[in-house]
Amino acid sequence: QGETIGTKSPLLIEIKDDLSGIASYQADWNGAWVLTEYDRKSDRLLIRPGKDMKNAAEGILTISVKDKAGNERVEKISLKL
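Described in the following lines is the structure provided in the data block.

Thresholds applied
Residues numbered from 1 in each chain as written. Predicted model: local features only at pLDDT ≥ 70, side-chain atom pairs only at ≥ 80, totals over all residues. Heavy atoms only, no water. Core = buried A, V, L, I, M, F, W, Y, C linked by side-chain atoms within 4.5 Å. Buried < 20%, exposed > 50% of the residue type's maximum accessible area, 1.4 Å probe, protein only. Helix = DSSP H or I, 4+ residues; strand = E, 2+ residues; numbered from the N terminus. Phe/Tyr/Trp six-rings, centres within 6.5 Å; stacked < 30°, edge-to-face > 60°. Salt bridge = Lys/Arg side-chain N within 4 Å of Asp/Glu carboxyl O. Pairing = 2+ DSSP bridges.

The next subject is the nonpolar core. Judged by nonpolar contacts, the single largest core of 15 residues is most densely connected at Ile13, Ile15, Ile47, Met53, Leu61 and Ile63. Elements that contribute at least two residues to this core include exactly strand 2 (11–14), strand 3 (22–29), strand 6 (44–47) and strand 7 (58–67).

Next comes the structure, spelled out in structure tokens:
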């Protein structure tokens, strides 16, 4: 079962790489691309659920992060809006 989040507050997700650094990142909501903002100072992605995740009230948020060495990590988070 997914975690319930609000649609008015932004969702902050920490991403970081201690060695080579972040090369790219992407977020998808139920397979649809989601606009994200990356704050390098705090190593966090900012997602605005009410604006960018309208197509379904619940689903899977997939976060993909690649570092500059070519390694990739994918996390899937079950959420309800």
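Next comes the rest of the account.
Another point: the packing of aromatic side chains. This structure, assessed with the given rule, holds one aromatic pair. A centroid spacing of 5.4 Å and a plane angle of 50° characterise the contact between Tyr25 and Tyr38, whose relative ring orientation is tilted. Linking Tyr25 in strand 3 with Tyr38 in strand 5 (residues 37–39), this pair joins segments that are 13 residues apart in sequence. Residue classification places Tyr38 among the buried positions, given a relative accessible area of 17%.

Let's shift gears to the pattern of salt bridges. Scanning the model with the defined rule gives two salt bridges in all. The closest approach of N and O atoms between Glu37 and Arg48, which form a salt bridge, is 3.3 Å. In this pair, Glu37 sits in strand 5 while Arg48 sits in the loop between strand 6 and helix 1 (49–52), placing the two residues 11 residues apart along the sequence. Residue Glu37 is classed as partly exposed on the basis of its relative accessible area, which comes to 39%. What makes Arg48 partly exposed here is its relative accessible area of 37%.

Most of strand 7 is tucked away: seven of the 10 residues are buried. Sheet topology note: the strand 3/strand 7 ladder contains seven bridges and is antiparallel. Opposite Ser24, over in strand 7, you have Lys66 as the bridge partner. For strand 7 and strand 8 (residues 72–80), the ladder comprises nine bridges, and the chain directions are antiparallel.

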